[in-house]
Number of protein chains: 2
Amino acid sequence: MTFKSLIDSILEKLQVDRLKRYIPIPEWLFRYQSEYLVGDIIAGIIVTSLLVPQSMAYALLAGLPPQIGLYASMLPAILYPLLGSSRVLAVGPAAVDSLMVATALGKLEPQNTPEYLILALTLTFLIGCIEILMGVLRLGFLVNFLSHAVISGFISGAATIIAIGQIKHLFGLKISNTESLFTLVLSIFRTIDRTNWVALGLGLGSIAILLFFNYPLVKWLKRRRWSDRAILPVSKSAPLLVVIVGTLLVWALHLDRAAGVKVVGDIPSGLPHFSFPIFDLSTLETLLPIALAISLVGYLEGFAGAQSLARKRREKVSANREFIALGVANLGAAFSGGYPVTGGLGRSVVNFAAGANTGLASIITGLLVIVIVMFLTPMFYFLPQTCLAAIIIIAVYKLIDLATFRRMWLYDKADAIAWLTTFIAVLFVGVEKGILLGAIVALVLHLWRTSHPHIAIVGRLGETEHFRNVLRYDVKTSPQVLAIRVDESLYFANAKYLETYIFNAIANREATPLEYRPDVKKILLVCSAINLIDASALEILESLIFDLRLLGIQFYMSEVKGPVMDKLRKIGFVDYLGEERIFLSTDRAMRELAGI
Amino acid sequence: MTFKSLIDSILEKLQVDRLKRYIPIPEWLFRYQSEYLVGDIIAGIIVTSLLVPQSMAYALLAGLPPQIGLYASMLPAILYPLLGSSRVLAVGPAAVDSLMVATALGKLEPQNTPEYLILALTLTFLIGCIEILMGVLRLGFLVNFLSHAVISGFISGAATIIAIGQIKHLFGLKISNTESLFTLVLSIFRTIDRTNWVALGLGLGSIAILLFFNYPLVKWLKRRRWSDRAILPVSKSAPLLVVIVGTLLVWALHLDRAAGVKVVGDIPSGLPHFSFPIFDLSTLETLLPIALAISLVGYLEGFAGAQSLARKRREKVSANREFIALGVANLGAAFSGGYPVTGGLGRSVVNFAAGANTGLASIITGLLVIVIVMFLTPMFYFLPQTCLAAIIIIAVYKLIDLATFRRMWLYDKADAIAWLTTFIAVLFVGVEKGILLGAIVALVLHLWRTSHPHIAIVGRLGETEHFRNVLRYDVKTSPQVLAIRVDESLYFANAKYLETYIFNAIANREATPLEYRPDVKKILLVCSAINLIDASALEILESLIFDLRLLGIQFYMSEVKGPVMDKLRKIGFVDYLGEERIFLSTDRAMRELAGI
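These numbers were taken from a predicted model, which means no experiment stands behind them. (Residues numbered from 1 in each chain as written. Chains lettered and ligands numbered in written order. Predicted model: local features only at pLDDT ≥ 70, side-chain atom pairs only at ≥ 80, totals over all residues.)

### Concerning the overall build of chain A
Each helix and strand counted, chain A has 28 helices and nine strands in total. Looking at the 596 residues of chain A, the share that counts as buried comes to 49%. Within chain A, counting contacts between residues at least 6 apart in sequence, those at least 24 apart form 80% of the total. (Helix = DSSP H or I, 4+ residues; strand = E, 2+ residues; numbered from the N terminus. Buried ≥ 20, exposed ≤ 12 C-beta atoms within 10 Å, placed from the backbone. Contact = placed C-beta atoms within 7 Å.)

### Description of the domain arrangement of chain A
One can read the domain layout of chain A as domain 1 (36–443) and domain 2 (455–594). Using C-alpha coordinates to define each centre, domain 1 of chain A is positioned 55 Å away from domain 2 of chain A. (Domains from an automatic or database assignment.)

### Considering the environment of K496(B)
Among the secondary structure elements, K496(B) is positioned in helix α24 (residues 492–507). Judged by C-beta crowding, with 21 C-beta atoms within 10 Å, K496(B) ranks as buried. Separated by 306 residues in the primary sequence, K496(B) and R190(B) have C-alpha atoms spaced 56 Å apart. Contacts of K496(B), omitting those with residues within four sequence positions, involve N144(A) and I540(B).

### Quick look at the nonpolar core
Residues I392(A) and I392(B) are the most contacted members of the largest nonpolar core, which totals 363 residues. Those residues in contact with I392(A) that sit more than four places away from it in its chain are A57(A), L61(A), A95(A), I162(A) and Q166(A). (Core = buried A, V, L, I, M, F, W, Y, C linked by C-beta atoms within 7 Å.)

### Points about the confidence of the model for chain A
Mean pLDDT over chain A stands at 86; residues scoring 70 or higher make up 93%. Across the predicted assembly, pTM comes out at 0.74 and ipTM at 0.71. (pLDDT = per-residue confidence, 0-100.)

### Topic: the relation of the copies chain A and chain B
Rotating chain A by 179° and moving it 0.0 Å along the rotation axis overlays it on chain B with an RMSD of 0.2 Å. One copy is carried onto the other by what is essentially a two-fold rotation axis. Taking C-alpha positions as reference, the residue of chain A nearest the rotation axis is A529(A), located at 2.7 Å. When you check the interface residues of chain A against chain B, 98% turn up at the interface there too, and the contact is symmetric in its surfaces. (Least-squares fit on C-alpha atoms with pLDDT ≥ 70 in both.)

### Here's the deal with the interface of chain A and chain B
Listed by partner, the interface residues are 49 residues for chain A and 49 residues for chain B. Counting only elements with at least two residues in the side of chain A that touches chain B, the list comes to α9 (148–170), α21 (402–411), α23 (431–451), α24 (492–507), α25 (535–550) and α26 (562–570) of chain A. Residues of the side of chain A that touches chain B, tallied by class, amount to 22 nonpolar, 10 polar and 17 charged. (Nonpolar A, V, L, I, M, F, W, Y, C, P; charged D, E, K, R; others polar.)

### Concerning the pairing of strand β8 (residues 554–558) of chain A
Residue and element names in this part refer to chain A. In this sheet, β8 lies alongside strand β7 (residues 522–526) in parallel orientation, the contact comprising five bridges. Note that in β8 the partner of L524 across the bridge is Y556. Read from β7 through α25 to β8, the crossover connection turns out right-handed. As judged from the two bridges shared by β8 and strand β9 (residues 582–583), these two strands associate in the parallel manner. If you follow S558 over to β9, its bridge partner there is F583. (Pairing = 2+ DSSP bridges. Right-handed = clockwise from strand over helix to strand, strands pointing away.)

### Observations regarding the environment of I533(B)
Among the secondary structure elements, I533(B) is positioned in the loop between β7 (522–526) and α25 (535–550). Contacts of I533(B), omitting those with residues within four sequence positions, involve L490(B), L538(B) and V564(B).

### Concerning the packing of helix α11 (residues 197–214) of chain A against helix α14 (residues 238–253) of chain A
Residue and element names in this part refer to chain A. Relative orientation of the contacting elements α11 and α14 amounts to 155°, with a least axis distance of 9 Å. The angle between α11 and α14 places the two elements in the roughly antiparallel class. Crossing hand, α11 versus α14: right-handed. Residues L202, S206, I209, L210 and F213 of α11 lie in contact with α14, whose contacting residues are A238, P239, L241, V242, G246 and L249. The class makeup of the residues in the contact of α11 with α14 is nine nonpolar, two polar and no charged. (Axes fitted to C-alpha atoms, helices over the stretch in contact; angles between N-to-C directions. Parallel < 35°, antiparallel > 145°, perpendicular 65-115°, else oblique. Left-handed = near helix turned anticlockwise from the far one by under 90°.)

### Structural notes on the environment of N469(B)
All names here are of chain B. Mapped onto the fold, N469 is located in strand β4 (residues 467–469). Taking the C-beta count within 10 Å as the criterion, N469 has 17 such neighbours and is therefore assigned partly exposed. For the pair N469 and A319, spaced 150 residues apart in the sequence, the C-alpha separation amounts to 42 Å. In this structure N469 touches A456 and V458, once residues within four positions along its chain are discounted.

### Thoughts on the packing of helix α6 (residues 75–83) of chain A against helix α19 (residues 360–375) of chain A
Residue and element names in this part refer to chain A. As a packed pair, α6 and α19 sit with axes 7 Å apart at the nearest point and diverge in direction by 160°. Viewed along their axes, α6 and α19 adopt a mutual orientation that is roughly antiparallel. Considering only the axes of α6 and α19, their crossing is left-handed. Together, L75, A77, I78, Y80 and P81 of α6 and S362, I363, T365, G366 and V369 of α19 make up the contact between the two elements.

### Points about the pairing of β7(A)
All names here are of chain A. With respect to burial, β7 is a largely interior element, four of its five residues being buried. Sheet topology places strand β6 (residues 481–486) next to β7; five bridges connect them, and they run parallel. Bridge pairing in β7 places I484 opposite L525.

### Describing unusual backbone geometry
Phi angles above zero are rare outside glycine, and E559(A) is one such case at about 55°. Here E559(A) is to be found in the loop between β8 and α26. A positive phi is found at R225(B), a non-glycine position, where the angle reads about 60°. Along the polypeptide, R225(B) turns up in the loop between α12 (216–223) and α13 (228–235).

### With respect to helix α19 (residues 360–375) of chain B
Along its 16 residues, α19(B) runs 23 Å from first to last C-alpha, staying within 8% of the 22 Å computed at 1.5 Å per residue. Residues L360(B), A361(B), S362(B), I364(B), T365(B), G366(B), L368(B), V369(B) and V373(B) constitute the buried set of α19(B). (Expected span 1.5 Å × (residues − 1).)

Set out below in structure tokens:
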């Protein structure tokens, strides 16, 4: 008997079908089958072993006590699967979000103070509200306006900042938080002679373990014919191993007192108190821009992860439902003493690979973290920060995506420029301003690209009905009839370009011989690649036709697409030009106008 | 003997040809013919009669003494034709620019103070430098990114503000400058009971004269078979007539002292001293953003005027040369006590219609203004401000372009929204922020429009080689092969849309029956309307192909354009997909894949 039939029979009695419309009960719960259970439990355990050290490390990165990371891993992990459309997304603290929290709140209050913590809670609450609002207003499509170049450049820049920021923990240097990356690098160089060699040894040892488990061990086990399913729990246990070994070493050899190795220290035991974010208006207003930025970045990360994994099983995720689910997860974090969360791609991939079948895996993770928070936090006292720094560095260095930049440079310079602008702006101008600047540069570059479209003078190819570029093919043309094909929709940014092109052709004696056509009496615009003519372009087209008429030159069009033609007819353009001047095909037009 | 041959012979002796490369001597001077002279002189006089009252009125609008408007009409009118590519552009103060000067500088210093005047000079100098720089860097194309909707909405909004601002002068109300339009309207209503009835009478009388000369008189003269050439000087003399009649009435009846009618008052006689804009860095920095805004708006106005008039004679204007010429005109204004100038469309049309053949007309205008400034300024003492207000109102109300808005609403809602956003933002947020906001809205709307492109499932039309939309035509399709045509270039803002569309088709049971195609084994992307695939879209396309392969679905393409194919080949995409999966024509693809 499946869970579904059991639940269905209960629900039927409760007449819950009507209720379902109002209270969202997850799909997967209705269709749960007993054979899902083993995969879900194993995946839940593996993700927990990865999540616990990561969440503490990310909380420190965000300028918060480590337990806040744990708190943020409980309720969100339980809430998300109840609403989200992905079955395998692992929700919790994430690296880039943590950096954004640190840079934004660091300007308002000193880190690690109660005031800072309250700001973080308020921020989390705001992010939750914004994300839910975005989902309800169906604004999920907005994230499409961030190009891959901008996202990749942004993540790479943020990861670089995070990695450089961890160097001080790795070397055991005592450097207070700095304003800019430049001063941070300077401080590192200035204090490098005060390196704590024990901390550095622990850190480098941790990195060695993490790297070994990442690649050589996996390769070795594969050669011994272990299955992927069996390799995964072993290779992913590396962070947990680093934490255990590091903690034991510090504890056994008293490295904290004897060698000055910085440890995590006291973490309050037991569940967090119910927290209530403050609600004074001026704080909300100050936090709004950064909340908006983190909402979008967090959503971007979460949705990309959910989508790429869902697709592998031919499942579907809903952009707007993801917004709502992540928003509720953030509200959960805000009321349980946590800080902003999102779906992490790295942990979600592990969840997926470890065999998670449904959201139950995530719920198990959340419950396990609750157990750890209730009983096991004293064990983290001797956990050295250098080990956490090593875990962060290994987690983020994969995000520095120079390969994408190189590829873009080869394929499309405009995208490469957008990548580089975002990357450099994130490093040197700031995290939020960087992504904004990058997005604007990408938009302007795109417009610039479409603002000088490919325009070809076309002629008849042999005796066929095909008309092709005179530069690429040996075609028949007429000196009196200029047939022009524009390979782009006509809109405000490129309509003047077409106009200038045409007036160059008929009036500019300095233009190239190919372009200058003083004998032209008729101009035919081939519209096969024009998907849209906006009002600006229409205006320019009309004044062009008017001015051409004054010069005794007639204007014709061919192959106008259906939807474009409908609109042109409605506004009276077709009457203005003359219905008989719009030809169905270029073939027919040139036959009639030029006799060729 | 033409002027040209005379000048040529002189220049030949001076070996000036080599010099010409470095010092720009205007084309029209070389080709000057004696028959041009009459037209140029008449046009010069008519434009002067229009320019003198307008320039004083606009200076008052900009918060400056009236003579500043006259000063700004001398040197710029002489300098522009020496460099500009338009033969008929009339350069001088303009309404919208004056408003922008007033709103920007009004925040820094009180109007009509020496400090305010110095700021205006510095601003003019900055605008000149920016425009020259723009021209040298060939950035003229930048103005194309302002759509017609934004420009029209902006001009309409600014004209509305100007017209409302003149009401207080028309009614003779004493209202100090207000921060916002709202408080201005409020002040007008609050003080309307203190209307100066004599001023109002003079103002309304002026408006009546101006309107009568604009339409009924022209109509009446036409019926009496006057030629257009003869009507023009009569109809365009209305502002001069208003000024003369108004001045005489005030002078004869002592209306300034007896009835409290506000007059222009003392205007210093003689030429202005050579002025030198201040150069302290912090002032320049403060003025930079507004200088940039006025440069662009001024250039936009000037270039649009130059272009539309040049076209009527099959002449060409150069975007970048115009920038330089207007920049030099502004520098001229900066060093001769003026304020920002540009080419006014209205006066240029008059210049053109009055028969101006070359830039000499503009030079004559400049010289006439110099004569007026030297000898005739005392005559403006009794000129009532209410008459100038009437002239401004009649000049700007034509700029409120609701017809364009209505047309856009019919033709294209996105453009109409951009118009309205700009208009409202200019009215209530501010002039510069308004145009910026409008530009951003227009860009986002354009992206939004291309972010969900028209996607058609296509099939074979009868036995032809044409493939058309299954919704519009009765075509043959195959249940195993899904042929999709996207009517837009693929780039970051719409690539995800295509991906979602395809996954909806194969995986979403809730999609419409037409869209849901669970039996699909092959997907063919018809690329006839794809002019570009950017790096983001390429990335998404590759992950789409990868994910489809996991699901056992093969991906094919057809009709990929030459330039797109070149780039896809270079980056290795063609090898990744398989050369044999890209078909030259949809016909061949469907024959091979589906056997239809």
